[in-house]
Amino acid sequence: MSTFQELGLNEDLLNAITDLGFEKPSEVQAKAIPILLEEDKDLVALAQTGTGKTAAFGFPMLQKIDVDSRTTQGLILSPTRELCLQITNELKNYGKYCKGLNVVAIYGGSSISDQARQVKRGAQIIVATPGRMKDMISRNMVDISKIQYSVLDEADEMLNMGFYEDITDILSHTPDDKSTWLFSATMPREVATIAKKFMYDPTEITVGNKNESTSNVTHEYYLVNARDRYRALKRLADANPDIFSVIFCRTKRDTQKVAENLIEDGYSAGALHGDLSQNQRDLVMKSFRNNQIQMLVATDVAARGIDVDDITHVINYQLPDEIETYTHRSGRTGRAGKTGVSMVIVSKSELRKIKSIERIIKKQFEKKDVPSGTDIVEVQLMSLANKIHTTETNHEIDKHLDSINELFADTDKDELIKKFFSVEFNRFFDYYQKSKDISAVESRGDKDGGRDYGKQSNDSRYFINVGSKDGFDWMKLKDFLKEQLELGRDDVFKVDVKESFSFFNTEKTLQEKVLAFFTDFKHEGRFVNVEVSENRGRSGGGRRDRGRGRGGNDRRSGGGNRRRDDRGDRRSNDRRSSGGSGNRSDRRSSRRSDDNRSDRGQDRKFNDSRGDRRPESSNSGSDRPRRSRRRD
Ligand code: ADP
Ligand code: MG
């Protein structure tokens, strides 16, 4: 393989490359860079995510532009704000020794006049999302009439997102004699059309097979009843204690629900979808990037920008409508030379889709069973053992050692280990001992797409006559209720906000308190009415649920013995984590609550109250009911 020097890059870039620690060019870089440096030609490059495309166009562009001029010479279009910022950042890194270089990012959701000002200061390179770019052109805030190089990055995704017209419009403002470089992971017809229409005799390079998914990703599917989807998801997570994953759902609603339920079940999860504000999305992404969120539940559109290198698993909670999208999903893992697993939770009726995907990715799926309770217990136990083994000893304990030793004078090592592990592990063990394995698929209807989000028995379910139209989302309503009723952090759950009304659950023991409080309560001048929903939080969805919940709110439907399984939870994990060996997953778990919350504008009190919940030994008031509920 060649070196960066041999590709013809200049000293400034080579120095930056040394700083970045890139040892040799990736395949797409080795192929594209010499072509782009040598002549001003159009290029179509097909390469999977994570193959280093940014540098493949970034280095040549940086070398070719004139940094002494303040004219905009390069334009890079990319599908999302997230990617746009990432490319900008990368280019700044690559060009850190190019004196006078100015790269500006242009994207929606942020001040347009600030961006215009930055451009005015003299941006040689603009990295933009199509929507905002078009907007700025129409307002005369940018001048791209002199650009020499245009890049269409992730062209397939841009077209998937419906940017065809915007791209056409933008390119019509650029000179005819510029070079156009198109980068894409796949080559659907639409991309070929773009190439034909906007490019002159492009050189084509392909890295790996066209449309083939990343080679270091293995693909697995898990056949379950649609109603077991959520339980299966939890088991997959439990069987992989160090999981760092993106979980894909089909709709925003499902995305939010799955994330909500994972959070409530004690996982460090977060939601990413288009109904969140840009600011909320940024915060979720930041937490994810910092490994503070272990499971990011996302829609396909929202996940377009996710470019995090060490994702261990992609979980397809539901398969995408367009099977081509699967390639994008699985490409989120196995990046930067690492291995990754793409898992699909699939119901019988969707099995044929697996075959179609296999044809597209040119790879076989491995059919796997959802991990059994025994498997999970073993994995968790060994993971705990490993954590203990690698924990740095706290020598504050030394001074108590004599008294402790005295207590255990008659206990041998094996016995001591067993006792010690029992403290940490019994609850987890009990839960999985009791829970049935999720296995064969029954033939009856699993067409609902798996809205199974868990349920519980000793709960009361309430109807409340406020909803999204009163400015509530589930987080806000939950906080509102907790604040008004002075409840602990876990006392209100399964909050389900509709337009003009909502549902929520508490422990049955709190029912009296809740109803009493709302007998005469006004919110913004309106009486707030709370009633116990007829199904009392049990299975079956209840008449009220069905009657009012327009969006097919059947998530609590289903059989009785599932209940316990669904609540199989991470509490014991939390405890272990908080025991504190300080490794990565520990940090994630122990910080997650604040992070999940702070991005949703939680108040101080809320965050504070969360702080004390982790070491279970602390047994804070708000913890108790929840634990007893879950653990029976
Ligand atoms: P793509 O656009 O193809 O998805 P990126 O350009 O985002 O891929 O690169 C993926 C990751 O690989 C980034 O973290 C980037 O810094 C890194 N990378 C790129 N080129 C190299 C290289 N030659 N050696 C090592 N790492 C690289
Ligand atoms: Mg890229």
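As shown above, the structure is provided for reference.
Residues numbered from 1 in each chain as written. Chains lettered and ligands numbered in written order. Predicted model: local features only at pLDDT ≥ 70, side-chain atom pairs only at ≥ 80, totals over all residues. Heavy atoms only, no water.

Draft legend 1. Geometry of the site of ligand 1. Close to ligand 1 lie 17 residues, the nearest being Lys24, Gln29, Gly50, Thr54 and Asp309. The backbone of Lys53 places a nitrogen or oxygen atom 3.0 Å from an oxygen atom of ligand 1. Asp309 is positioned with one of its side-chain polar atoms (N or O) 3.0 Å from an oxygen atom of ligand 1. Protein contact buries 81% of the 570 Å² of open area that ligand 1 shows by itself. The cavity where ligand 1 resides is the second largest pocket. Across the shell around ligand 1, the residue classes tally to 3 nonpolar, 8 polar and 6 charged. (Near = heavy atom within 4 Å. Polar contact = N/O pair within 3.5 Å; in protein donor to acceptor, adjacent residues only side chain to side chain. Areas by Shrake-Rupley, 256 points an atom, 1.4 Å probe, with all protein chains shown as cover. 1 Å grid on protein atoms, 1.4 Å probe; cavity = no way out; pocket = protein on both sides within 12 Å on 5 of 7 lines; lining within 4 Å. Sits in = over half its atoms within 2 Å of the grid points. Nonpolar A, V, L, I, M, F, W, Y, C, P; charged D, E, K, R; others polar.)

Draft legend 2. Structural view of the pattern of salt bridges. If you walk through the whole model with that rule in mind, you get 24 salt bridges. A salt bridge links Asp135 to Arg139, with the nearest nitrogen and oxygen atoms 3.8 Å apart. Arg332 is the salt-bridge partner of Glu157, the closest N and O atoms lying 3.2 Å from each other. Pair noted here: Glu157 is in helix H7 (residues 155-160) and Arg332 is in the loop between helix H14 (325-330) and strand E13 (340-346), with a separation of 175 residues, a long-range link. Exposure remark for Glu157: the relative accessible area of 0% places this residue in the buried category. Overall, Arg332 belongs to the buried group, its relative accessible area being 3%. (Salt bridge = Lys/Arg side-chain N within 4 Å of Asp/Glu carboxyl O. Helix = DSSP H or I, 4+ residues; strand = E, 2+ residues; numbered from the N terminus. Buried < 20%, exposed > 50% of the residue type's maximum accessible area, 1.4 Å probe, protein only.)

Draft legend 3. Structural view of the packing of helix H4 (residues 81-94) against helix H12 (residues 278-289). Here H4 crosses H12 at 55°, and the two axes come no closer than 12 Å. Our classification of the angle between H4 and H12 gives oblique. Where H4 crosses over H12, the handedness of that crossing is right-handed. Counted together, Arg81, Glu82 and Gln86 of H4 and Gln278, Asp282, Met285 and Arg289 of H12 form the full contact between these two elements. Here the contact of H4 with H12 is composed, by residue class, of 1 nonpolar, 2 polar and 4 charged. (Axes fitted to C-alpha atoms, helices over the stretch in contact; angles between N-to-C directions. Parallel < 35°, antiparallel > 145°, perpendicular 65-115°, else oblique. Left-handed = near helix turned anticlockwise from the far one by under 90°. Contact = heavy atoms within 4.5 Å.)

Draft legend 4. Representation of the pairing of strand E10 (residues 269-272) within the structure. Side chains of E10 alternate between two faces, with Ala269 and Ala271 and Gly270 and Leu272 buried alike. Of the strand pairs in this sheet, E10 and strand E11 (residues 295-298) are connected by 4 bridges, and their pairing is parallel. In the sheet register, Leu272 faces E11, and the bridge partner there is Ala298. In this fold, the crossover linking E10 to E11 by way of H12 has right-handed handedness. (Pairing = 2+ DSSP bridges. Right-handed = clockwise from strand over helix to strand, strands pointing away.)

Draft legend 5. Just the nonpolar core, in detail. Leu9, Phe59, Ile76, Leu91, Ile125, Trp181 and Phe183 are the most contacted members of the largest nonpolar core, which has 39 residues in total. The dominant element in this core, judged by the number of residues it contributes, is helix H3 (residues 53-64), at 6 residues. Counting residues in each nonpolar core, the second largest holds 32 residues, with Leu75, Val119, Ala155 and Leu171 among its members. (Core = buried A, V, L, I, M, F, W, Y, C linked by side-chain atoms within 4.5 Å.)

Draft legend 6. Representation of H12 in the model. Here H12 contains 12 residues, and its C-alpha end-to-end distance of 16 Å stays within 8% of the 16 Å for a straight helix at 1.5 Å per residue. For H12, the full list of buried residues reads Gln280, Val284, Met285, Ser287 and Phe288. Along the axis of H12, the buried positions cluster into a sector of 160°, meaning they face one direction only. The exposed residues of H12 that point more than 90 degrees off its buried face are Asn279 and Lys286. Backbone geometry just after H12 places Asn291 at a positive phi near 65°. (Expected span 1.5 Å × (residues − 1). Arc of directions from axis to C-beta.)

Draft legend 7. Main features of the packing of aromatic side chains. Scanning the model with the defined rule gives 18 aromatic pairs in all. Where Phe59 meets Tyr94, the ring centres are 4.6 Å apart and the plane angle is 45°; that geometry is what we call tilted. Of this pair, Phe59 sits in helix H3 while Tyr94 sits in helix H4, placing them 35 residues apart in sequence. Phe59 sits in the buried class, given a relative accessible area of 0%. For the ring pair Phe463 and Phe501, a centre distance of 5.7 Å and an interplane angle of 35° mean the geometry is tilted. In this pair, Phe463 sits in strand E15 (residues 459-464) while Phe501 sits in the loop between strand E16 (493-497) and strand E17 (502-507), placing the two residues 38 residues apart along the sequence. The buried category is assigned to Phe501, whose relative accessible area is 10%. Through a chain of ring-to-ring contacts, three or more aromatic side chains come together here, namely Phe472, Phe480, Phe517, Phe518 and Phe521. (Phe/Tyr/Trp six-rings, centres within 6.5 Å; stacked < 30°, edge-to-face > 60°.)

Draft legend 8. Unusual backbone geometry, seen in detail. Although it is not a glycine, Glu154 adopts a positive phi angle of roughly 50°. Judged by relative accessible area, which is 7%, Glu154 ranks as buried. In this model, Glu524 sits at a positive phi of 50°, which is unusual for a non-glycine residue. Relative to the helices and strands, Glu524 is located in the loop between strand E18 (522-523) and strand E19 (526-527).

Draft legend 9. Looking closely at the layout of surface pockets. In this structure, the second largest pocket encloses a volume near 700 Å³. Forming the boundary of the second largest pocket are 26 residues, of which Gly52, Thr54, Glu90, Asp309 and Arg335 lie nearest the centre. Listed by contribution, the elements that provide at least two residues to the lining of the second largest pocket are H3 and H4. A total of 7 residues in the lining of the second largest pocket trace back to one element, the largest contributor, which is H4. Its residues placed into classes, the lining of the second largest pocket shows 8 nonpolar, 10 polar and 8 charged. (Points joined across faces, edges and corners; volume = space filled by probe spheres on them.)

Draft legend 10. Focus on the environment of Thr72. Position of Thr72 among the secondary structure elements: in the loop between H3 and strand E2 (74-77). We classify Thr72 as buried; its relative accessible area is 8%. Between the C-alpha atoms of Thr72 and Ser145, which are 73 residues apart in sequence, the distance is 8.5 Å. Beyond its immediate sequence surroundings of up to four residues, Thr72 is in contact with Ala123, Gln124, Ile126, Asp143, Lys146 and Ile147. Of note is the side chain of Thr72, whose polar atom sits 2.8 Å from the backbone oxygen of Ala123.

Draft legend 11. Here's a closer look at a nonpolar patch on the surface. There is a patch of nonpolar side chains on the surface, built from Ile397, Leu401, Ile404, Leu407, Phe408 and Leu416 and spanning about 510 Å² of accessible area. In terms of residue count, the dominant contributor to the nonpolar patch is helix H17 (residues 401-407) (3 residues). With respect to the helices, strands and loops of the structure, Ile404 is situated in helix H17. The partly exposed category is assigned to Ile404, whose relative accessible area is 37%. (Patch = residues over 30% accessible without salt bridge, like charges linked within 9 Å, V, L, I, M, F, W, Y side chains within 5 Å.)

Draft legend 12. The arrangement of the sheet that holds strand E20 (residues 530-532) in detail. As summarised here, the arrangement of the 4 strands in space is E16-E17-E15-E20, forming an open sheet in which the pairing is antiparallel. A single partner strand is all that each edge strand has here, and the edge strands are E16 and E20. In this sheet, adjacent strand axes meet at a mean angle of 25° when their direction is disregarded. In this structure, E16 lies alongside E17, joined through 3 bridges in antiparallel fashion.

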